[in-house]
Amino acid sequence: MQRGPNVVKVTIKDGKIEKVDSVVYTDDDKQAGSYEIKRDRILKMLEGLNSTKEIAKQLQNSTGEAYDAVSGATETAKGHVSAVENALERSRKFKKEGKKSDIDYIEFVKRPDGVAKGKTLDLTHTVLRLHMSGETKDINFDEFVNYGIVADPANGTELPKEGEFRRVTFRQNAALIKLETDIQTEKKITKKYASHILINYESGETKKIELSNDEYRYKIEAAGKIVGMSIFDGEYKLTDGVYDSHISQWQFNLKNISHEGYNFWGFETYAVVVDSSKDSSEIAFFEIISDNVKKNFYVGDVLNLDEIAIKAVTKNGNNKTFTTFEVVRENKFNFSPDNKYIFTTADIGTKKISVSREIDGKTVTENFDVNVSDPHNDAPAKVEIYDKDKLVVTKNIGFEEFTNNSGYMRFFNTEIPKKYEGKWDKDTFIVKVYNASGNLLNINVKKRNLTFNIELPDYMALHGSGGYIMFSFKYVDNEPKTESKTEAVDIISENTPSAVELYDGSELLKKETITKEQFENSNAHYMIYNVMIPKKYENWTKSTFTVKVLNSKGGEIENTITKSDNTLGINLTKYKSPRYGKGYVVLRLKYKDVEKTDDKTPEIVTKTVTASAPVDLYDYDARVKVVYNVKTGQIISVEDDETYSGSNQPFWRKAQKIFEKLAGKKKSEVDGVDAISRATLSSDAIKEAVKKALSE
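Residues numbered from 1 in each chain as written. Predicted model: local features only at pLDDT ≥ 70, side-chain atom pairs only at ≥ 80, totals over all residues. Heavy atoms only, no water.

Considering the environment of N404
Structurally, N404 can be placed in helix α6 (residues 399–404). With relative accessibility at 51%, the residue N404 sits in the exposed group. A sequence separation of 204 residues divides N404 from T608, and the C-alpha atoms of the two residues are 9.9 Å apart. (Helix = DSSP H or I, 4+ residues; strand = E, 2+ residues; numbered from the N terminus. Buried < 20%, exposed > 50% of the residue type's maximum accessible area, 1.4 Å probe, protein only.)

Structure representation (structure tokens):
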């Protein structure tokens, strides 16, 4: 940083400082504003003095009242004090000699370059502003001599070593004025550039690309099969190129190649694009690029070939790459089974995916394999949690229940002995998870805040990222008191919902069924999402509907209803469980247009998927439920899927404002949605989870 001149206007009377009026800063002294308070302190201390020596001494020795007043801005204060001392010296000189200088003070209009280039000092671009009685005047370097201004060191002086500083002082000796600035000798940076790229063709022919120091990417027209490219520095080969068939480009990386005698490579990477668009000759042979195609499926999954690519060689010997399913199809390639094929039990095991094309009147076929398995094999049917040999928790899980929850199961307030309260971690327990055949599943066990998580890394049926089972614990006495009265059990059973019917008058709009296990696993607070009813009810009120809640015997359960936005809450007034407390069912309503539509209007097919992404800094997962249009890929809605955000809850609530921003977006547009201010980490995790859901 260049420091601006310390210019002061000092009123001196009888040899003493009467007042320091102001400090004038040049535009490039960017720190001036931040030191104003400390500047005023030191200047106030100077008033009434006939010498600055004592204050200058305190600043130099870093002690005393003056130093304390400007601590943190000591160098600036030293400059101010020195400027005031110069004013005193000028006053004494002019009084002694009986004359006054024409120049009051000087400042820079244009400084010398802060970084000096070349071998000698160049001050010729300097411009000074002279403040004289009644006027100011800007003068160029060649006019300095006319006003008695000299530079030390002089213009043309040999510069010091690279990187060293040289202080340049402009003096007007008659007026006892000096102006200083620091100049650093430029550190010479040298860059090395490759000279050419040599192309080797299968025919034995070679071609040279001369490289420019201004360009790292080159394009050539295809002229035969290329077997290799190399990049050179003169006669010395630096490295061979690597071909990326997806983009028909040869790439060269010089990052780890020596550049002796130079500081850097001018370009660390080079690229040569091979344009084969003008080659209309037939394809001679091809190979499948299936790296981006999903390879593991369950029965019922859909084959997705959207990201498949074909690398082909034409009869003229040029490489061509076709990317995406649509482009490959357009170039006369056929598939068996076809894209969007649904796997069945007959496909279990290794399944061949074939790609074929007619070449010279013959069908040429290439294959790649995928694996198809029964989702029951990787789905949990039973969980056992042990403390050494003692069984603490056992939980049965139905396959339909597990898949309906997208492979994410949560069991709240699972009762365990009170002795574990505050005294358990993931290593306290031994966990065994079995599938429906009784085989043990591969698991990972973690503790997250107050929850016990069992990850199922091999369960890929729904979203390709595994599943999990989560427990939160409720601590009870080792032998919990039980109210085993038959009457109490009967009351709970009679008031446990088995079905909910939503009516408009006598018209049944919707019926939803609930299993006993589903209701209890929700802690008697069961939420039903996306209950579709006609669009005409979009502005409904609590009085619009009547609700019937039925138990397993078909009897009606007494209830009251409440409304909150698009949710209809059903309070089961007589359900009072010692374990779960009060009972509720909540319907989250969605609306569809049931009016007659033009036959050309595409049907809206929706799908609901849950997914999660970690908020690593706060050690929890952002969990979302995404409803989207299968035909268009557009998001219909995003909701919180019972995220446990712990201490980060305020920010998680704030981040949920992004849900409404995501509605109507496609997967490719999710990253472009702005994060919620002051909840960026949670917002980004939500976007990642939504993209996972849309990848299904």
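Re the packing of aromatic side chains
On inspection of all chains with the given rule, the structure shows 27 aromatic pairs. Pairing F108 with F170 gives two aromatic rings, centres 5.9 Å apart and planes at 80 degrees, and the pair type is edge-to-face. Taken together, the residues span a long stretch of sequence, with F108 in strand β3 (residues 103–110) and F170 in strand β8 (residues 165–172) at a distance of 62 residues. Judged on exposure class, the residue F108 and its partner F170 are both buried. Seen from their ring centres, Y341 and F343 are 5.4 Å apart, and the 90 degrees between their planes marks the pair as edge-to-face. Looking at Y341, the relative accessible area reads 25%, which means it is partly exposed. Assessed through its relative accessible area of 2%, F343 is described here as buried. (Phe/Tyr/Trp six-rings, centres within 6.5 Å; stacked < 30°, edge-to-face > 60°.)

Some points on the side chain of T169
Position of T169 among the secondary structure elements: in strand β8. Each residue touching T169, except ones within four places of it in the same chain, is listed here: V150, A151, D152, K178, L179 and E180. (Contact = heavy atoms within 4.5 Å.)

Some thoughts on the pairing of strand β31 (residues 444–448)
As defined by bridge partners, β31 adjoins strand β32 (residues 451–456) across 5 bridges and the pair is classed as antiparallel. Paired with K447 across the bridge in β32 is F452. In textbook terms, the turn of a hairpin is the stretch between consecutive antiparallel strands, and for β31 and β32 this stretch comprises 2 residues, one of which, N449, has a positive phi near 55 degrees. (Pairing = 2+ DSSP bridges.)

Focus: the nonpolar core
One broad trend across soluble globular proteins is that nonpolar side chains are buried collectively. The biggest cluster of nonpolar side chains holds 26 residues, and the ones touching the most others in it are V624, V626, I635, V638, L662, I686 and V690. Counting residues per element, the ones that place at least two in this core are β42 (606–615), β43 (620–629), β44 (635–640), α9 (649–655), α10 (658–662) and α11 (680–694). A total of 6 residues in this core trace back to one element, the largest contributor, which is α11. Beyond its immediate chain neighbours, meaning those up to four positions away, I686 contacts A622, V624, W652, A655, I658, F659 and L662. (Core = buried A, V, L, I, M, F, W, Y, C linked by side-chain atoms within 4.5 Å.)

Quick notes on the sheet that holds strand β27 (residues 382–387)
The strand order across the open sheet formed by 3 strands is β28-β27-β30, and the pairing between neighbours is antiparallel. Both outer strands of the open sheet, β28 (390–396) and β30 (430–434), are each paired with one neighbouring strand and no more. Geometrically, the sheet is characterised by an average inter-axis angle of 15 degrees between neighbouring strands, direction not taken into account. Relative to β28, β27 runs antiparallel, the two being bridged by 6 bridges. By the bridge assignment, V383 is partnered in β28 with K395. (Axes fitted to C-alpha atoms, helices over the stretch in contact; angles between N-to-C directions.)

Looking at helix α2 (residues 53–61)
Buried residues of α2: I55, Q58 and L59, and no others. Along the axis of α2, the buried positions cluster into a sector of 95 degrees, meaning they face one direction only. The exposed residues of α2 that point more than 90 degrees off its buried face are K53, K57 and Q60. One or two positions beyond α2, positive phi appears at S62, with a value near 55 degrees. (Arc of directions from axis to C-beta.)

Here we look at the pattern of salt bridges
In total, this model carries 30 salt bridges according to the counting rule given. As a salt-bridge pair, K426 and D427 come within 3.3 Å of each other at their nearest N and O atoms. For K426, a relative accessible area of 36% corresponds to the partly exposed category. Taken together, the shared-partner salt bridges in this structure form one network comprising R167, E180 and D182. (Salt bridge = Lys/Arg side-chain N within 4 Å of Asp/Glu carboxyl O.)

Observations concerning the side chain of S230
Note on placement: S230 falls in strand β14 (residues 226–233). The buried category is assigned to S230, whose relative accessible area is 8%. A distance of 2.7 Å separates polar atoms of two side chains, one belonging to S230 and the other to D240. Setting aside anything within four residues of it in sequence, one finds S230 in contact with H196, I197, L198, K237, T239, D240, G241 and F252. (Polar contact = N/O pair within 3.5 Å; in protein donor to acceptor, adjacent residues only side chain to side chain.)

Examining α11
With 15 residues, α11 extends 21 Å between its outermost C-alpha atoms, agreeing within 8% with the 21 Å of an ideal straight helix rising 1.5 Å per residue. Taken as a whole, α11 has its buried residues at S682, S683, A685, I686, K687, A689, V690, K691, A693 and L694. Those residues of α11 that are buried are in contact with β42, β43, β44, α9 and α10. (Expected span 1.5 Å × (residues − 1).)

Structural notes on the environment of G241
By the element assignment, G241 lies in the loop between β15 (236–240) and β16 (242–244). Taking the C-alpha atoms as reference points, G241 and M229, 12 residues apart in sequence, are found 5.3 Å from one another. Non-local contacts of G241, meaning those with residues more than four positions away in its chain, are made with M229, S230, W250, Q251 and F252.

Overview of the sheet that holds strand β35 (residues 507–513)
Strand order in this open sheet of 4 strands is β35-β34-β37-β38, and the pairing throughout is antiparallel. Each edge of the sheet is formed by a strand with only one pairing partner; in this case those strands are β35 and β38 (556–557). Two elements, strand β34 (residues 499–504) and strand β37 (residues 546–550), share 5 bridges in a ladder whose sense is antiparallel. Its bridge partner being in β37, A499 is matched across the sheet by L550.

Examining unusual backbone geometry
In this chain, D152 is followed by P153 through a cis amide linkage whose omega measures 0 degrees. Structurally, P153 is set in the loop between β7 (149–152) and β8. Of note, the bond from S336 into P337 is cis; its omega dihedral lies within 30 degrees of zero at -5 degrees. Within the element layout of this structure, P337 appears in the loop between β24 (334–336) and β25 (349–359). Here the phi dihedral of K340 falls at roughly 75 degrees; this positive angle occurs in a residue that is not glycine. Relative to the elements of secondary structure, K340 occurs in the loop between β24 and β25. We classify K340 as partly exposed; its relative accessible area is 44%. Its identity is not glycine, yet K388 carries a phi of approximately 60 degrees, on the positive side. Checked against the element boundaries, K388 lands in the loop between β27 and β28.

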